[in-house]
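Now for the letters of each chain:
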Amino acid sequence: MGFLGFLLGFFGFGSGVVIGLVIGYYLFIYLQFDDHKDVKIRPFVEFDSKTLERMLPEIPLWVKNPDYDRVDWMNQFLLMMWPNLNTAICRMAKEIAKPIIDENTQKYKLESVEFKTFTLGSLPPTIQGMKVYITDENQLIMEPFLKWAGNANVTAIVKAFGLKATVQVVDLQIFASPRITLKPLVPNFPCFANIFVSLMEKPHVDFGLKLFGADIMSIPGLYRFIQETIKSQVASLYLWPRTLDVQILDPSKARKKPVGILHVKVLRAQQLRRKDFMGKSDPYVKLKLTEDKHLSKKTSVKKNNLNPEWNEEFKLVVKDPGTQALELDVYDWEQVGQHEKMGMNLIPLRDLVPDKPRFFTLDLLKTMDPNDPQNQKVRGQLFVEVTYKPFNEDSDAVEKTPAGTPSGGGLLVVIVHEAQDLEGKHHTNPYVQILFRGETKKTKHIKKNRNPRWEEEFQFECEEPPLNDKIRVEVHSKRSTIGIHSEVCNLSCMVFNIMHCLVGELFTPIKRP
């Protein structure tokens, strides 16, 4: 009986399992539940900040703050350039660290400290967002938010008292928000003279430090002490308003201040080619210095003449005699249409001897390309006389200029910076007019601005020091009108004596032999 009960119980349990599986499979396949709902899709703007923080582990700055911009292209650029940047940064870091290490080696009586490995790893930093400030100053201000969790490996070997220890920095992480200011902006590549870097808040720095292969950062209290020490040291050096200054270019050289005056006398031309169908040609010469934004100067037009004589003199301001050249272009004047070029040539200023006149007979060319076959054609010749007169580089002599000690001419430089709170409400389109010794020069118009900023430089050539002369500065506003006539309103006027404001950068005398 016991054996029979065991068999019945066994088969009863087995049949119950089979029946349960069949019923469950039937319910899963054939029964459909009507209480399910479609997923509702909502845009991120409909969620509050707490919900977004739960959904996203970290919200980018360009989402939370509208004044931050996405710079995915810059992160891609860093990713592609990182192998080269890694090498360059490591080399520069070693050069900066070498004098510091040498100083502390003697201070702490160490034998030597040498880098065994110095690499920032394969992971570049990431810029989470970029803020750019727009100012009226001659500068560019940026605030990137940097995050770098790289696989850097810096290993140094320290020798002291006959012992050698290996110190390794691993798992370096840096979160920082620096303010980068590029100023002043200059017209030479890379278009800024200095970089100023300051931290807007204390950076977060995390790393592992191994000594003899053991992580000493696991020692209780040491991790927090090192963290606070690094933050305090960095903050004392670079936390705003303190800055790290890196000079890229010499501002005085980058702006290329005038260093001399080039005297050019256009004498004559001969055997010019005929350009006009019914007559000869109406030639004139255009002069300018390369790398100079100022307008070129022109001779008079000689009508119907293939062998013209001008004998006209010009003065051009030289900023870099080592790289600049005098460009001479001969044109055929046309009353209607574009003037046709008859030929050209260059005179490198480096070929000139200061204060010594030199005569040139220039063959007119089509272009300055030596391989251009069109230069084989005869286009005529141009005769000029050129003299380069450098400025006096003696700073003592320049400072004594107001007393009238130097003799001879020079260059008067006037820089128009800005104006503030100008009069007028409806037609304030200001410009500045400078009058000196019968010569008038104007700045550009700034439309609808009562606080205009020009930053324009004007140069007046003087045959003698302007000790008793006056400069008249007028600020005008020109009404924007549709028609032939336009109304000009005089906003302000100022006249001052040069003798009271003459300084080295305002008037530079010419060097005399």
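Residues numbered from 1 in each chain as written. Predicted model: local features only at pLDDT ≥ 70, side-chain atom pairs only at ≥ 80, totals over all residues. Heavy atoms only, no water.

Our focus in this paragraph is the overall build of the chain. When helices and strands are tallied, the chain shows seven helices and 25 strands. When contacts within the chain are restricted to residue pairs at least 6 apart in sequence, long-range pairs at least 24 apart make up 66% of them. Accessible area of the chain: about 33500 Å², with a carbon and sulfur share of 57%. (Helix = DSSP H or I, 4+ residues; strand = E, 2+ residues; numbered from the N terminus. Contact = heavy atoms within 4.5 Å. Areas by Shrake-Rupley, 256 points an atom, 1.4 Å probe, with all protein chains shown as cover.)

Within a sheet, adjacent strands bond to each other through the backbone by hydrogen bonds, running parallel or antiparallel. Pairing is antiparallel across the open sheet formed by four strands, whose spatial order is 13-12-15-16. Two strands in the sheet have a free side with no partner beyond their single neighbour: strand 13 (297–298) and strand 16 (340–348). Inspection of the sheet shows strand 15 (residues 325–332) paired to strand 16 by eight bridges, in the antiparallel sense. Across the sheet, A325 pairs through a bridge with P348, a residue of strand 16. (Pairing = 2+ DSSP bridges.)

As a further point, take helix 4 (residues 72–107). Owing to its 3.6 residues per turn, the α-helix brings residues three or four apart onto one side. With 36 residues, helix 4 extends just 46 Å between its outermost C-alpha atoms, more than 12% less than the 52 Å of an ideal straight helix rising 1.5 Å per residue. Along helix 4, the helix axis deviates most sharply at W82, where the bend reaches about 65 degrees; the proline P83 sits within four residues downstream. Of all the positions in helix 4, only M74, N75, L78, W82, N86, C90, A97, I101 and T105 are classed as buried. Buried residues along helix 4 sit in contact with strand 1 (112–119), strand 2 (126–133) and strand 3 (140–149). Of the residues flanking the end of helix 4, it is K109, one or two places downstream, whose phi is positive at about 55 degrees. (Expected span 1.5 Å × (residues − 1). Bend = angle between axes of the 7 residues up to and from the residue. Buried < 20%, exposed > 50% of the residue type's maximum accessible area, 1.4 Å probe, protein only.)

Here we come to the environment of V167. Here V167 is to be found in strand 5 (residues 163–176). Remark: the alpha-carbon pair of V167 and A214, spanning 47 residues in sequence, is separated by 9.6 Å. Here V167 is in contact with V154, T155, A156, V158, L209, K210 and L211, once residues within four sequence places are set aside.

Here we come to the side chain of N86. Within the secondary structure layout, N86 lies in helix 4. In terms of polar contacts, N86 uses its side chain to reach the side chain of T119, at 3.3 Å. Of note is the side chain of N86, whose polar atom sits 3.5 Å from the backbone oxygen of G121. Those residues in contact with N86 that lie beyond four places of it in its chain are T119, L120 and G121. (Polar contact = N/O pair within 3.5 Å; in protein donor to acceptor, adjacent residues only side chain to side chain.)

With an omega dihedral of -15 degrees, the bond running from K183 to P184 counts as a cis peptide bond. With respect to the helices and strands, P184 occurs in strand 6 (residues 178–185). The residue Q271 is not glycine, and still its phi comes out positive at about 55 degrees. Secondary-structure assignment places Q271 in the loop between strand 11 (260–270) and strand 12 (283–289). Although it is not a glycine, N311 adopts a positive phi angle of roughly 55 degrees. As for its position among the elements, N311 is in strand 14 (residues 309–318).

What follows deals with helix 5 (residues 222–238). Over its 17 residues, helix 5 extends 24 Å from the first C-alpha to the last, a length consistent with the 24 Å expected when each residue adds 1.5 Å. What helix 5 keeps buried is the set I226, Q227 and A235. Down the axis of helix 5, the smallest arc covering the buried residues is 155 degrees, so these residues share one side. Buried residues in helix 5 make contact with strand 8 (204–211). (Arc of directions from axis to C-beta.)

Okay, the nonpolar core next. Of all hydrophobic cores here, the largest spans 27 residues; its most connected members are L262, V266, L326, L328, L382, V384 and V386. Where this core is concerned, the elements lending two or more residues are strand 11, strand 12, strand 14, strand 15, strand 16, strand 17 (358–363) and strand 18 (381–390). With sequence-adjacent residues up to four places away left out, V266 is seen in contact with V285, L287, T299, W310, N311, E312, F314, L382, F383 and V384. Counting 16 residues, the second largest nonpolar core, distinct from the first, contains I434, I446, F460 and V475. (Core = buried A, V, L, I, M, F, W, Y, C linked by side-chain atoms within 4.5 Å.)

Moving on to the pattern of salt bridges. Under the counting rule described, the total for this entry stands at six salt bridges. One salt bridge in this structure joins R70 and D72, with 2.4 Å as the shortest N-O distance. For the salt bridge of E474 with R472, the shortest nitrogen-to-oxygen distance reads 2.4 Å. Relative accessible area serves as the criterion here: at 34%, R472 is assigned to the partly exposed category. (Salt bridge = Lys/Arg side-chain N within 4 Å of Asp/Glu carboxyl O.)

Strand order across the open sheet formed by four strands is 14-11-18-17, with antiparallel pairing between neighbours. Looking along the sheet, the strands with just one partner apiece sit at the ends: strand 14 and strand 17. Pairs of neighbouring strands in the sheet enclose a mean axial angle of 25 degrees, with direction left out of account. For strand 17 and strand 18, the ladder comprises six bridges, and the chain directions are antiparallel. Note on strand 18: the bridge partner recorded for T361 is F383. (Axes fitted to C-alpha atoms, helices over the stretch in contact; angles between N-to-C directions.)

A separate point is the packing of aromatic side chains. What describes a pair of aromatic rings is the distance from one ring centre to the other and the angle between the planes of the rings. Throughout the structure, instances matching the rule amount to three aromatic pairs. Note on F115 and F118: the rings are 5.0 Å apart at their centroids and 75 degrees apart in plane angle, and the pair reads as edge-to-face. In this structure F115 comes out as partly exposed when scored by relative accessible area, which is 31%. Above the face of the Y133 ring, R179 is positioned so that its terminal group lies 5.0 Å from the ring centre. For R268, the ring lying beneath its charged end belongs to F383, and the centroid distance is 4.2 Å. (Phe/Tyr/Trp six-rings, centres within 6.5 Å; stacked < 30°, edge-to-face > 60°. Lys NZ or Arg CZ within 6 Å of the ring centre and 35° of its normal.)

Turning next to the confidence of the model for the chain. In the predicted model, the chain carries a mean pLDDT of 76, and 76% of its residues have values of at least 70. Looking over the chain, one finds the lowest element-wise mean pLDDT in helix 7 (residues 395–399), namely 43, and the highest in strand 17, namely 92. Low pLDDT, under 50, characterises residues 395–406; the stretch is placed with 19 contacts to residues that sit more than four places away or in other chains. (pLDDT = per-residue confidence, 0-100.)

What follows deals with the side chain of E312. For E312, the location among the structural elements is in strand 14. An unpaired buried charge is present at E312: no salt bridge exists, and K302, the closest side chain of opposite charge, is 4.8 Å distant. One polar contact links E312 to S300, side chain to side chain, over a distance of 2.5 Å. (Lys, Arg positive; Asp, Glu negative; His and termini not counted.)

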